[in-house]
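Observations on the model geometry
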Amino acid sequence: MTVIGVYVSEERLRGKCRLRIVSRAEAGGKETCVYQLILMFNHEGIKECACERFSAEETQRVLEELAGQKRISLEEGAALIQDAHRMNCLFKTRPAAGFEPLKELLDLDTRDLDRWDIFQKICDFPIAGEAAVSVLLRSVANMDLFLAKCFCSEDLKKEKAPWLWKEQIVHWQISPMKAAAEAWQGDGWVCRVSVFSKNARDQMVQRVYDTEWVQKERFYLQAYTLAAAAVLRADDPRNPENGRVFCSMYEFAPARAGQIKNILDYLPEVFINGEMEQGYLYKWLGDETEDDTPRCRVFCEILLLDQKLWIYSVHPGHLAKAEQWIGGHMSKRIRFAGKCRIYERTLLNIAVAGDTEGIKPVQGVLARLDDMCLFLEEMESQKALSLSMGKDGFYWFCSGDAGVSEYYICGNWVRIHMYQGDLPAQLRRLDGSLGCVLYDSDIRKYRERAQQNSQGYWNWYKALRQAQSEANGFRLRGFIPDLRDLGSGLIRLAEK
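On a predicted model such as this, the values are computed, not experimentally measured, just so you know.

1. Considering the overall build of the protein chain
A count of helical and extended segments in the protein chain gives 15 helices and 21 strands. A sequence separation of at least 24 residues applies to 58% of the contacts in the protein chain between residues at least 6 apart. For the protein chain, the accessible surface area stands at approximately 25,400 Å², while carbon and sulfur atoms represent 47% of it.

Here is the structure:
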């Protein structure tokens, strides 16, 4: 076999890669063979192996298509194959069918090839400080023994593996700690990491390690010690499977329940994940991401109860997109009832018990936007994450010293939800960019017991009516209440 080129995808950091070996069966041969392997550096090892054959006329086109990928030497490609094959041997799994013609690569001597150099050549990823810790932890979570050992001292490399290898790693948390200057010579770094994994009883276990890192030829882990360990209950706030989620709450008439269920059942991306006496739990799947958590493909989740619909996600931007979709397909069937941030386990427990009174919406306001430039300057100062909402404007999410908040813009109106922090203080920071401000608490108050002959009520209603005509996206989402719901006599008052 005469090798023409070896090409590799840039997915090594995800615990896998796609390797293509272009060769000719014999010297001077006209037919080109392209072996395509999917290598997983966990228990799957050599996951797929296939061969395509091309004529001499097609070979140039194939090489041009591969030109944009990283090219490595045959020995480096063999090292990747050997590392994946060792995982097959470690976990006693069988390499993919079709690998037999490449078995000779397992005999190449690659002991002198530094796996770190191969990783750097593929990913071109400068590693130091917290980035090195993140890569090491991710490689452990991927069960990628060979990449993890690139970040370990020689003494640690002699161990079977750092931390736990055969438990399911669910989540990591990194908490850097400043090292005392007199305790270190040269460049040194200390950090504490929390490892969340599942044991054989499917219990969530948290282990806390203190780690010591040094910078010599490269940045690597010198030592680690176990500081604490505990089995976490399902409802423990520290349990990553009981994380806090962003939730939008809707209400509807009992007669609408069947219509709403039909809409959800029709969506190809939405699947029923659970059924309970009170209703149904759906998962809305999105595209695959770089995220390595168990919920990496979950766009959002939906809880459909007798007269309530809750949509929630760990990503506030996903929830904002789901609200936009709900507004376009269900706005005439449901009514927006507020937003909250709550532990997922608590939300599900309340739903199963049928007692939803304990979930209170966060503070929110609807305001006219008088100065867009000032508003954008404030978003920039808070380092807000932005998301385009198409014709409906933009969405910002802020998490920092000023608290946790989100902002929607539609036309000349802005909607603000304050999950954590002081809403009046945030409005003062936006002073000058906002015109009239309508608090959700006032909307609820006027809906329940409006003083329809008061001047304040008239001004409030006039602003709502203006918002309804100028911000259709907000009206569909339910951020602007249906004016017909605001009490008897309201329409007659408006028409006088």
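2. Section: helix H1 (residues 56–66)
Of all the positions in H1, only Thr-59, Val-62 and Leu-66 are classed as buried. The buried residues of H1 occupy an angular sector of 70° when the element is viewed end-on, so they sit on one face. Counted as exposed and oriented over 90 degrees from the buried face of H1: Glu-57, Glu-64 and Glu-65. Where H1 is buried, its residues meet strand S1 (2–8), strand S2 (16–24), strand S3 (32–40) and strand S4 (46–54).

3. Concerning the sheet that holds strand S12 (residues 279–285)
One open sheet holds the six strands; their spatial order is S11-S12-S13-S14-S10-S15, and the pairing between them is antiparallel. Of all the strands in the sheet, the pair left with one neighbour each is strand S11 (270–276) and strand S15 (335–343). Geometrically, the sheet is characterised by an average inter-axis angle of 20° between neighbouring strands, direction not taken into account. Pairing of S11 with S12, which is carried by six bridges, proceeds in the antiparallel orientation. Note on S12: the bridge partner recorded for Val-270 is Trp-284.

4. Considerations on the packing of aromatic side chains
Counted under the stated rule, the structure contains 15 aromatic pairs. Relative to Phe-397, the ring of Phe-246 lies with its centre 5.5 Å away and its plane at 85°, an arrangement referred to as edge-to-face. A residue pair is termed long-range when its members are at least 10 positions apart, and Phe-246 in strand S10 (residues 244–251) and Phe-397 in strand S18 (residues 394–400) qualify at 151 residues. When its relative accessible area of 3% is taken as the criterion, Phe-246 is described as buried. For the ring pair Phe-336 and Phe-479, a centre distance of 5.0 Å and an interplane angle of 70° mean the geometry is edge-to-face. Of this pair, Phe-336 sits in strand S15 while Phe-479 sits in the loop between helix H14 (472–477) and helix H15 (490–495); the two residues are 143 residues apart in sequence, bridging distant segments of the chain. Since its relative accessible area comes to 10%, Phe-336 is described here as buried. For Phe-479, a relative accessible area of 2% corresponds to the buried category.

5. Overview of the packing of helix H2 (residues 74–90) against helix H3 (residues 115–123)
Where H2 contacts H3, the axes come no closer than 11 Å and their chain directions differ by 110°. The angle between H2 and H3 places the two elements in the roughly perpendicular class. The interaxial crossing formed by H2 with H3 has left-handed handedness. Taken together, the residues of H3 that come into contact with H2 (itself represented by Glu-76, Ala-79, Leu-80, Gln-82, Asp-83 and Arg-86) are Arg-115, Ile-118, Lys-121 and Ile-122. A class-by-class count of the residues in the contact of H2 with H3 yields four nonpolar, one polar and five charged.

Parameters at a glance
- Starting afresh in each chain, residues are numbered from 1 along the sequence in its written order.
- Only residues with pLDDT of at least 70 are given local features in this predicted model, and only at 80 or more are side-chain atom pairs given and counted; all residues enter the totals for whole chains, interfaces and linings.
- Hydrogen atoms and water are omitted, and side-chain values are computed over all heavy atoms in the structure.
- Counting from the N terminus, the helices are the DSSP runs of H or I reaching at least four residues and the strands are the DSSP runs of E reaching at least two.
- Contacts are assigned to residue pairs with any non-hydrogen atoms lying within 4.5 Å of each other.
- The accessible surface values rely on the Shrake-Rupley method and a 1.4 Å probe; as for residues, cover is taken only from the protein chains in view.
- Here the term buried applies to any residue with accessible area under 20% of the maximum for its type, exposed to any over 50%, and partly exposed to those in between, with areas from a 1.4 Å probe on protein chains only.
- Directions drawn from the helix axis to the C-beta atoms are what define this arc.
- Each pair of strands is called paired provided DSSP finds at least two bridges between the two strands.
- To obtain each axis, a line is fitted to C-alpha atoms, and for helices this fit is confined to the stretch in contact; angles are then taken between N-to-C directions over 0 to 180 degrees.
- Stacked, tilted and edge-to-face pairs are distinguished by plane angle, under 30 degrees for stacked and over 60 for edge-to-face with tilted covering the rest, among Phe, Tyr and Trp rings (Trp via its six-membered ring) whose centres lie within 6.5 Å.
- Reported orientations rely on four angle classes, namely roughly parallel under 35 degrees, roughly antiparallel over 145, roughly perpendicular from 65 to 115, and oblique for the rest.
- Crossings are classed by handedness, with left-handed meaning an anticlockwise turn of the near helix from the far one by less than a right angle and right-handed meaning a clockwise turn.
- Residues are sorted three ways: Asp, Glu, Lys and Arg are charged, Ala, Val, Leu, Ile, Met, Phe, Trp, Tyr, Cys and Pro are nonpolar, and all the rest, Gly among them, are polar.

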